[in-house]
Amino acid sequence: MKTKTLKKDKVNIITLGCSKNMVDSEVLSGQLKANDIDVVHESAKRDHNIVVVNTCGFIDKAKEESINTILEQVELKQRGKLDKVYVTGCLSERYRGDLESEIGGVDAWFGTMELPLILKKFDADYKAELIGERLLSTPSHYAYLKIAEGCNRTCSFCAIPLMRGGHVSKPIEELVLEAEKLVKFGVKEIMLIAQELTYYGLDLYKERRLGDLMRALAKVEGLEWIRLHYAYPTKFPMEILDVMNEYPNICKYIDMPLQHASNAMLKAMKRQITREEIEDLVHAIRAKVPGICLRTTLIAGFPGETEEDVEELKGFLERMRFDRVGVFTYSHEEGTSAHALEDNIPAEEKERRAQEIMEVQQEISLEKNQEKVGKIFKVIVDKKEAGRFLARTEFDSVEVDNEVIIDTTKRLKPGDFVQVKITKAYDYDLEGELI
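What counts as what
Residues numbered from 1 in each chain as written. Predicted model: local features only at pLDDT ≥ 70, side-chain atom pairs only at ≥ 80, totals over all residues. Heavy atoms only, no water. UniProt positions renumbered as here; feature names shortened; annotations may be inferred. Helix = DSSP H or I, 4+ residues; strand = E, 2+ residues; numbered from the N terminus. Salt bridge = Lys/Arg side-chain N within 4 Å of Asp/Glu carboxyl O. Buried < 20%, exposed > 50% of the residue type's maximum accessible area, 1.4 Å probe, protein only. Pairing = 2+ DSSP bridges. Right-handed = clockwise from strand over helix to strand, strands pointing away. pLDDT = per-residue confidence, 0-100. Contact = heavy atoms within 4.5 Å. Axes fitted to C-alpha atoms, helices over the stretch in contact; angles between N-to-C directions. Domains from an automatic or database assignment. Buried area = accessible area lost by both parts, 1.4 Å probe. Polar contact = N/O pair within 3.5 Å; in protein donor to acceptor, adjacent residues only side chain to side chain. Nonpolar A, V, L, I, M, F, W, Y, C, P; charged D, E, K, R; others polar.

Asker: Run through the UniProt feature "domain: TRAM" (unreviewed entry) in the protein, naming residues and quoting values.
Answerer: Mapped onto the present numbering, the UniProt feature "domain: TRAM" (unreviewed entry) falls at residues 370–435. Structurally, residues 370–435 is divided into 2% helix and 48% strand, and its ends, taken at the C-alpha atoms, are 19 Å apart.

Asker: Describe the pattern of salt bridges, with residues and values.
Answerer: Pairing is possible between side chains of opposite charge, provided their charged atoms come close. Counted under the stated rule, the structure contains 44 salt bridges. In this structure, Asp36 and Lys8 form a salt bridge, with 3.9 Å as the shortest nitrogen-oxygen distance. Separated by 28 residues along the polypeptide, Asp36 in the loop between α1 (19–34) and β2 (38–41) and Lys8 in the segment before β1 (10–15) bring together distant segments of the chain. Comparing Asp36 with Lys8 shows no difference in burial state: the two are exposed. For Arg79, the salt bridge identified is with Glu75, shortest N-O distance 3.9 Å. Look at Arg79 and you get exposed, because its relative accessible area is 51%. Shared partners join several salt bridges into a network, and the residues in it are Glu305, Glu307, Glu311, Lys314, Glu349, Arg352, Arg353 and Glu356.

Asker: I'd love a proper account of the pairing of strand β11 (residues 250–255), names of residues and values included.
Answerer: The buried count for β11 comes to five of six residues, which makes it a mostly enclosed element. Where strand β10 (residues 225–228) lies against β11, two bridges are found, and the strand directions are parallel. In the strand pairing of β11, Leu228 is matched with Ile254. Handedness of the crossover is the feature at issue here: the chain leaves β10, passes through helix α9 (residues 239–246), returns alongside β11, and the resulting connection is right-handed. Note that β11 and strand β12 (residues 293–300) share three bridges and pair parallel. Residue pairing in the sheet places Asp255 in a bridge with Arg295 of β12.

Asker: Which residues make up the confidence of the model for the protein, and what values go with them?
Answerer: Here the protein averages 92 in pLDDT, and 97% of its residues register 70 or above. Low pLDDT (under 50) marks residues 1–5, which in the prediction has one contact with non-local residues, meaning those over four places away or in another chain.

Asker: Which residues make up the sheet that holds strand β3 (residues 50–55), and what values go with them?
Answerer: The strand order across the open sheet built from five strands is β2-β1-β3-β4-β5, with neighbouring strands paired in parallel fashion. Looking at strand neighbours, the two that pair on one side only are β2 and β5 (108–109), the edges of this open sheet. Two elements, β1 and β2, share four bridges in a ladder whose sense is parallel. Paired with Asn12 across the two strands is Val40, which belongs to β2. On top of the sheet, helix α2 (residues 60–78) reaches β1, β3, β4 (84–89) and β5; it is set at about 170° to β3, its chief contact. Sitting on the sheet, helix α3 (residues 90–102) is in contact with β3, β4 and β5, with an inclination near 125° to β4.

Asker: Requested: an account of the UniProt feature "binding site: [4Fe-4S] cluster 1" (unreviewed entry) in the protein, with residues and values cited.
Answerer: When the UniProt feature table is mapped onto this chain, "binding site: [4Fe-4S] cluster 1" (unreviewed entry) is found at Cys18, Cys56 and Cys90. Considering the C-alpha atoms alone, the annotated residues occupy 73 residues of sequence yet fold into one spot, their largest mutual distance being 10.5 Å. Looking at the element boundaries, Cys18 is found in the loop between β1 and α1. Using a relative accessible area of 34% as the deciding quantity, one classes Cys18 as partly exposed. Note on placement: Cys56 falls in the loop between β3 and α2. Those residues in contact with Cys56, other than ones at most four positions away along the chain, are Leu16, Gly17, Asn21, Ala62, Lys63, Ser66, Cys90 and Leu91.

Asker: Before we move on, could you go through the domain arrangement of the protein and cite the residues and values that matter?
Answerer: When cut into domains, the protein gives domain 1 (10–129), domain 2 (134–371) and domain 3 (375–434). Placing the centre of domain 2 and that of domain 3 at their C-alpha centroids yields a distance of 24 Å. Each partner contributes to the interface: domain 2 provides 25 residues, whereas domain 3 provides 26 residues. Across the domain 2 to domain 3 interface the summed buried area is about 2,100 Å²; carbon plus sulfur atoms make up 49%. Viewed at the interface, domain 3 and domain 2 are joined by four salt bridges. Across the pair Arg392 and Glu189 runs a salt bridge, and its minimum N-O distance is 2.7 Å. Connecting domain 2 to domain 3 are 20 residue pairs in polar contact (both at pLDDT 80 or more). Ranked by residue count, the leading element in the side of domain 2 that touches domain 3 is helix α13 (residues 347–370), at six residues. Classifying every residue of the side of domain 2 that touches domain 3 gives 10 nonpolar, seven polar and eight charged.

Printed below as a string of structure tokens:
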């Protein structure tokens, strides 16, 4: 009879979905490591015996990817390649009952806020003193800092409150401590993320305190860039722009998802703002912070969207000339108030509209990039690829925005800041030479 040798557990965490999920996985990793459990992110090696799948349940494509990933891991377990498969995250929070009855072979399902319960499966303790200790899954020079959980908004298309609950801000001192620890790990750039940044502090301090948080983080020694993601346009706190002007390490960059520009669509989406108010806000932001980079995301194919609405959106983009734009096709999500509407636009038509909108932005992006030729920018080096270095200006966030391609024989490292003169412009990228 063969005797099974007791080998130490090794955990592989697979993260799907957004940067907020990535932070959750990093926190779980940090806790496991502190409990002396071997843990890796997205390992391609087959040297682990336990998998935790951190799922996304936001839109159809993400749900499909999450389910396929779970099934792949269950199959590996059935073939004797894994001992345990655990599932956590948004999809698990939203559809746990259905998933449990339809997918066998998963050892346990967890919601989005059940970190201590996951740790119990490993006979591990949740260590509160580890605030800010994370095992980064990003390159060591940048990290995401999640400043709040959940959302209090009632946008008709969005299922996030169903999966993440209401808005809960993290205390300023806790976030500063986390940022300081990240800097000790070598992090030079942090991206502030939440479902909605501008609501920060209302639940905790009874007033919006994003500006105070930015000030406190800007004073963290060694933190070179602070970037704002996901600012809601309604009741936008203009005082944060004064803080942006005050501190050179706060990037002149705001990611503000607008979703649409037609008043009929904004009303149907329950965005609590009109196109005219958005235009006034954009002008006011640019007047207060000259040269600021504004990124936005839009939805094509929302129920009832007409060709006129699409034309209005295109005209809005031409007038507003955003620096960065992403377009998503509408996903009909159960549990949202828009689910009661008829999803009356075919998938191909949604795609066509999204493409049409992006073509407008492509031209604007090229024109804006051409304006940068001959100018000098401070950039952060991200990586070396095909013999050339890829870097970003303060006006570009990781993975979603433009890159600066640097062709040089000089040895640069990820996280290095260098001065670059822009020599060539493309639709979405730039080329530059070291100064």
